[in-house]
Amino acid sequence: MEASLNSPNGLITLTTNTFIIGRSADNQFVIQDAQASSHHAEIRPDAQGYVLTDLGSTNGTFVNEQRLSPRVPRLLVSNDVIRIGSTRLTYEIAGSDDVTVRAGSHEYADPGYTPNVAPTQPWPLSSGYNPASQPSYQQAPSSPNYPAQPGYPGYQQPQPPSTYSNYNANTAPGYPHYQQPQQPAYPGAQPAQSGYPPEQPSWAGAAPAPVPGQFDAPGMPGSQAVPPVSAAQPSQKKRTGLIIAVVILLLLVIGGGIAGYLYLNRSTSTPVQTLDTYCSSLQSGDYQSAYNQLSSSLQGSFTESQFANAESDKNSKTSSCTHTSPMISGNSATATLMLGYGSVASESASVTLIQESGTWKINQGFGISTPTKTLTAYCNAIKNNDVQGAFNQLSASAQSKTSVAQFTQGFQALNSPQVGGIKSCTVSNVQQSGSTASADVQIVVGNSTVPPILSKVTLVNENGTWKLDTSQSPTP
């Protein structure tokens, strides 16, 4: 299907690639409108045409002045008006299918399409033979044991008239100087009758008795006249065979075309394969392959380098990744990812997958920073005496209230003989609400006489990255 957008900048032809609209310069269509988000909406191909999806924009995407639900694909139809802010785009479908009307046989220029009908030829008037006056023919019985009929000496079998109405035994029509070849004389032969071809030779003795029901001479008892044989029958058989061969060839071409279309438009992956590839790549450290399992819309939220840096952090690296069986509904699917971070914490994320050019991609429910990952990085850093790594998990507000030196003194106190260092740090009961989150952190020190330290901590989201608020964070 060829489709396009009629925009203020002119006609834009849609292709098989995802078409992203927004204010950022990396979009396929950039809108200089204060009401447009950086990545506002996208148009992508679908089995039924093209679908429009709002990417969670602030001011919404409208089709025919109806606001779309965020991240819910909407199938576009011809002449739909898409509005983003004050910018309007009209969706158009080029061309239409015409109905083919089969012409009748009289409309073909090639006379070969006209059905063959054997011409009806008149019998020579001189023969006195009229097919209409002959008795109806009966099929001869299969048994050959009939009583012999009385013979007719000297009787000669007349030949049936030619299919050519102007046939003459002496001169062929259209050739005035043509001489009919003479037949050899045989004993007992009779002169040819007028209007008939030369007779066959008469053999000595009485003619064999006719068998009732067989074709024989006109007027003979129990005999039947020989019906005319159409000269067009062989040609008609050849033409019928040709038509059958053409029909078979057309069926093969149509079948091959359908098979090719289905092959080219087949789905090259499944949701299970996409999730399996993502998990295995994440655990093996192949972050490029893991990043490639994300949709183009999700990849627009962060670069491959940002994704790799977040996943390769030694303090928050994913140690296990599994998923539930995806629930497929048309061109989308849902599943739950279960991520583990060693002995510190684990979390689950509900993800949505969509099809992009026949390949399933993770589209929603995923981020490179989560409250659980931030707390995991903090716990592992204080366990490994990584002062700088733990300090980096603090929010800007928290870092402004303490220096790295003061933070280091707290670590030294944890490693004193009286405390014995941190033996374990675990995270539980993570609750997220908007841009804030809370969790329980339990720290067990090496000195068994010191009871476990349980703290209720708060986290804030700073520019897409979750950070720990030290005013309520566990020591140091």
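Look above for the structure.
These figures come from a predicted structure and were not determined experimentally.

Cut-offs used in this document
For every chain, the first residue of the written sequence is number 1, and numbering continues from 1 along that sequence. Under the rules for a predicted model, residues below a pLDDT of 70 receive no local features and side-chain atom pairs below 80 are neither given nor counted, while totals for whole chains, interfaces and linings still include all residues. To obtain the side-chain values, all non-hydrogen atoms of the structure were used and water was disregarded. A patch consists of residues exposed above 30% relative accessible area that lack any salt bridge, with like charges linked at up to 9 Å and nonpolar side chains (Val, Leu, Ile, Met, Phe, Trp, Tyr) linked at up to 5 Å. The Shrake-Rupley method, run with a 1.4 Å probe sphere, supplies the accessible areas, and residue values consider only the shown protein chains as cover. Any Lys or Arg side-chain nitrogen located within 4 Å of an Asp or Glu carboxyl oxygen qualifies as a salt bridge. What counts as a helix is a DSSP run of H or I of at least four residues, what counts as a strand is a run of E of at least two, and both are numbered from the N terminus. Here's how the labels work: a residue is buried when its accessible area is under 20% of the maximum for its type, exposed when over 50%, partly exposed in between, all with a 1.4 Å probe on protein chains only. Pairing between two strands requires that DSSP report at least two bridges joining them. We call a set of buried residues a nonpolar core when its members are Ala, Val, Leu, Ile, Met, Phe, Trp, Tyr or Cys and they connect through side-chain atoms within 4.5 Å of each other.

> Describe in detail a nonpolar patch on the surface, supporting the description with residues and values.
A surface patch of nonpolar side chains, about 480 Å² in accessible area, is lined by L242, V246, L250, I254 and I258. Here I254 is to be found in helix α1 (residues 233-264).

> Tell me what's going on with the pattern of salt bridges, and back it up with residues and numbers.
Counted according to the given criterion, the structure contains six salt bridges. In this structure, the salt-bridge partner of R44 is E42, at a minimum N-O distance of 3.9 Å. The same class applies to R44 and to E42, which are both buried. Three or more residues joined by partner-sharing salt bridges are found here, namely E65, R83 and R88.

> Account for the pairing of strand β15 (residues 345-356), with residues named and values stated.
Where strand β14 (residues 332-341) meets β15, 10 bridges bridge the pair, whose relative direction is antiparallel. Each residue of the ladder has a partner; that of G340, found in β15, is S346. A loop of three residues connects β14 with β15, the two strands running antiparallel in sequence, and G342 in this loop sits at a positive phi of about 65°. By the bridge criterion, five bridges tie β15 to strand β16 (residues 359-364) in an arrangement that is antiparallel. Counted as the bridge partner of L353 is I362 from β16. Between β15 and β16, which pair antiparallel one after the other, the connecting turn spans two residues, and S357 there sits at a positive phi close to 55°.

> Just give me the short version of the nonpolar core, but keep the residues and values in it.
Of all hydrophobic cores here, the largest spans 27 residues; its most connected members are L375, I382, F407, V427 and V441. At the level of secondary structure, the elements contributing two or more residues to this core comprise α6 (371-383), α7 (387-391), α9 (404-414), β17 (422-433), β18 (436-445), β19 (453-462) and β20 (465-468). C279, A333, L337 and Y341 belong to the second largest nonpolar core, which has 21 residues in total.

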